[in-house]
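Descriptive structure summary
So you can see what is in the structure, the chains are spelled out below.
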Amino acid sequence: MIGCILERVNIPQDTHFLYKIMTAEDQYLYSTKLRFQSQQGFERWLCCRLKSDFHDFYIVRDPHTLIALGYVHNYDFSLIDGTCKLVVYIVPQYRKIGIGGIAAITFMQRLFSMYPLRKLYSTVYEYNEESLRSNIAAGFQEEGILRDYRYQNGKYHSMHYLSMTKPQFDKTIGKLVK
């Protein structure tokens, strides 16, 4: 059965896994390419980001084996605005089986229940077509497109800004986790 659990990141336990995937060859497709001289340098960077930028950070695990399948986190967290941005990353061998969707829904439910947030944002590069389709199918609304935002593989690519409000979540996909 497809499923996952979210566990708060544990630096000693999870650093190697996160270092491996955040410095992988394909990581540039999802975020800015991160370069570190060592796993220790990565760990220092991650600890700083966990204190300053990443508000909530969880490892996505298989509920039966506890194998790490990816991670979710949020950033640009603002209680004043009632918003934050989401990141969902699933390692390639676990994509296309629903884990990313389950992790995203679980994370969104957690955020909306823990904090007085009114809206969650997701940004997706146009070449990540599967993620873009999945977000829209789940009920995210496109709020804008940053045209030619990123240069990759010899051409410019746009970034889509998507959002979902708490009432939209409660009315649609939030029913799946209640």
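Keep in mind the model is a prediction, meaning the values are calculated, not measured.

Analysis parameters
Residues numbered from 1 in each chain as written. Predicted model: local features only at pLDDT ≥ 70, side-chain atom pairs only at ≥ 80, totals over all residues. Heavy atoms only, no water. Helix = DSSP H or I, 4+ residues; strand = E, 2+ residues; numbered from the N terminus. Rg over C-alpha atoms; globule rule 2.2 N^0.38 Å. Buried < 20%, exposed > 50% of the residue type's maximum accessible area, 1.4 Å probe, protein only. Contact = heavy atoms within 4.5 Å. Areas by Shrake-Rupley, 256 points an atom, 1.4 Å probe, with all protein chains shown as cover. Lys, Arg positive; Asp, Glu negative; His and termini not counted. Charge placed at Lys NZ, Arg CZ, Asp CG, Glu CD. pLDDT = per-residue confidence, 0-100. Expected span 1.5 Å × (residues − 1). Polar contact = N/O pair within 3.5 Å; in protein donor to acceptor, adjacent residues only side chain to side chain. Pairing = 2+ DSSP bridges. Axes fitted to C-alpha atoms, helices over the stretch in contact; angles between N-to-C directions.

Remarks on the overall build of the protein
Counting its secondary structure elements, the protein contains five helices and seven strands. In the protein, the order of α-helices and β-strands from amino to carboxyl end is β-α-α-β-β-β-α-β-α-β-β-α. Over its C-alpha trace the protein gives a radius of gyration of 16 Å, about what one expects of a compact globule, namely 16 Å for 178 residues. Counting only C-alpha atoms, the protein reaches 45 × 40 × 35 Å along its principal axes. Relative to its 178 residues, the protein shows a buried fraction of 41%. Contacts in the protein between residues at least 24 apart in sequence constitute 59% of all its contacts with a sequence separation of at least 6. In the structure as shown, the protein presents an accessible area of about 10100 Å², 53% of it carried by carbon and sulfur atoms. Within the protein, the 17 negative side-chain charges are centred at a point lying 2 Å from the centre of the 22 positive side-chain charges.

Here we look at the confidence of the model for the protein
Low pLDDT means the predicted coordinates in that region are not meant to be read closely. In this model, the protein carries an average pLDDT of 89, and 90% of its residues clear a pLDDT of 70 or more. Mean pLDDT values over the elements of the protein span from 88, in helix H4 (residues 129-138), up to 97, in strand E2 (residues 57-61).

Some remarks on unusual backbone geometry
Positive phi outside glycine occurs at Asp76, with the angle close to 50 degrees. Mapped onto the elements of the fold, Asp76 is located in strand E3 (residues 68-78). With a relative accessible area of 44%, Asp76 lands in the partly exposed category. Unusually for a residue other than glycine, Asp148 sits at a positive phi of about 50 degrees. Looking at where Asp148 falls in the secondary structure, it is placed in strand E6 (residues 141-152).

Points about helix H1 (residues 11-22)
Look at H1: only 14 Å from first C-alpha to last across 12 residues, short of the 16 Å you get at 1.5 Å a residue. Burial in H1 covers these residues: Ile11, Asp14, Thr15, Phe17, Leu18, Tyr19, Ile21 and Met22. On its buried face, H1 sits against strand E1 (5-8), helix H2 (39-52), E2, E3 and strand E4 (83-90). The N-terminus of H1 is capped by Asn10, whose side-chain oxygen sits 3.1 Å from the backbone nitrogen of Gln13.

Some thoughts on the sheet that holds E1
Taking strand neighbours across the sheet as the criterion, the seven strands line up as E1-E2-E3-E4-E5-E7-E6 in an open arrangement whose pairing is mixed. Each of the sheet's edge strands pairs with one partner strand only, and the pair in question is E1 and E6. Each neighbouring strand pair of the sheet contributes to a mean axis angle of 30 degrees, computed without reference to strand direction. Summarising the sheet, E3 and E4 pair through seven bridges and their orientation is antiparallel. The partner of Ser78 across the bridge, within E4, is Thr83.

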